[in-house]
Amino acid sequence: MSIIREIFRAVRITLVIWLLTAMIYPLFILLVGQSIFPFSANGSIISNVNAQPIGSTLIGQGFTSDRYFHGRPSAVRYSQGQKAQPTGISGGSNFAPTNPQLRERILKQAEELQNENKQAVADLIYTSGSGLDPHISLKAAREQIARVAQARGIKEDDIIPLITRYIDGRFLGIFGEPGVNILRLNYALDLQQINREQN
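Model, not experiment: these values are computed from the prediction.

### What about the UniProt feature "transmembrane region" (unreviewed entry) in the chain?
Here is step 1 of the chain: Under the feature "transmembrane region" (unreviewed entry), the UniProt entry names residues 12-37.
Here is step 2 of the chain: Split by type, residues 12-37 is 96% helix and 0% strand. Its first and last C-alpha atoms lie 35 Å apart.

Listed below in structure tokens is the structure:
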């Protein structure tokens, strides 16, 4: 009789724990996220003036046009959906420092920057661990100002305030380094151009 009682007790405890951890706790977190941090809880998606999603501020995108600031090189390919949302998987190349392919890629990237009379800043030649880093350093952004200004036909002084505006500080004020969010910056440049054309 005691064995049956213990089985029922174990089943009751399992059901209570399942109810707490699989139902009540996730619903509580969902409600807190949606009520206090709705932008972050929904993927930090930015929409354009036509209310179409253009990407997440948390995930890097492959900007290649001279009109845009370029992010860090990535070992993963950013596959773009119909609404230009990045769906690339996370990951690095996993090349060891002695791998000739890694050395060749870095030297090629550094040579391209030298040909453009730009300093080979680390985050413009090295990939991030995740491959989806949405930020570059302030130094890497400064190296690209002249190219973007020339391609857009604007003054460099028109770009500098936007760079300053889209600097994300250290996480919790102490972790990591400040970085410029590329998606926000590039979209702000597009909005700036739209406003210029309308005026």
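Once you've had a look at it, read on.
### A few points about unusual backbone geometry
Here is step 1 of the chain: At Ser44, a position not held by glycine, the phi torsion is positive, near 50°.
Here is step 2 of the chain: Mapped onto the elements of the fold, Ser44 is located in the loop between α2 (38-41) and β1 (45-47).

### Looking at the pairing of strand β2 (residues 53-56)
Here is step 1 of the chain: Looking at chain direction, β1 and β2 are connected through three bridges and run antiparallel. Opposite Ser47, over in β2, you have Pro53 as the bridge partner.

### Notes on the layout of surface pockets
Here is step 1 of the chain: In this model, the second largest pocket occupies a volume close to 200 Å³.
Here is step 2 of the chain: Lining the second largest pocket are His135, Asp168, Gly169, Arg170, Phe171, Phe175, Gly176, Glu177, Pro178 and Gly179.
Here is step 3 of the chain: Across the lining of the second largest pocket, the residue classes break down as three nonpolar, four polar and three charged.

### Details of the nonpolar core
Here is step 1 of the chain: By size, the foremost hydrophobic cluster in this structure holds 30 residues, and its most contacted members are Phe69, Ile159 and Ile163.
Here is step 2 of the chain: Those elements giving two or more residues to this core turn out to be α3 (100-115), α4 (122-125), α5 (138-142), α6 (145-152), α7 (160-165) and α8 (182-198).
Here is step 3 of the chain: Considering each element in turn, this core owes the most residues, six residues, to α8.
Here is step 4 of the chain: Once residues lying within four places of it in the same chain are set aside, the contact partners of Phe69 are Phe63, Ala141, Gln144, Ile145, Arg147, Val148, Ile159, Ile163, Ile182, Leu185, Asn186 and Leu189.

### Things to note about the packing of aromatic side chains
Here is step 1 of the chain: Following the criterion strictly, the structure yields one aromatic pair and no others.
Here is step 2 of the chain: A cation sits over an aromatic face here: Arg152 above Tyr68, 5.1 Å from the ring centre.

Reading the values: rules and limits
- Residues numbered from 1 in each chain as written.
- Predicted model: local features only at pLDDT ≥ 70, side-chain atom pairs only at ≥ 80, totals over all residues.
- Heavy atoms only, no water.
- UniProt positions renumbered as here; feature names shortened; annotations may be inferred.
- Helix = DSSP H or I, 4+ residues; strand = E, 2+ residues; numbered from the N terminus.
- Pairing = 2+ DSSP bridges.
- 1 Å grid on protein atoms, 1.4 Å probe; cavity = no way out; pocket = protein on both sides within 12 Å on 5 of 7 lines; lining within 4 Å.
- Points joined across faces, edges and corners; volume = space filled by probe spheres on them.
- Nonpolar A, V, L, I, M, F, W, Y, C, P; charged D, E, K, R; others polar.
- Core = buried A, V, L, I, M, F, W, Y, C linked by side-chain atoms within 4.5 Å.
- Buried < 20%, exposed > 50% of the residue type's maximum accessible area, 1.4 Å probe, protein only.
- Contact = heavy atoms within 4.5 Å.
- Phe/Tyr/Trp six-rings, centres within 6.5 Å; stacked < 30°, edge-to-face > 60°.
- Lys NZ or Arg CZ within 6 Å of the ring centre and 35° of its normal.

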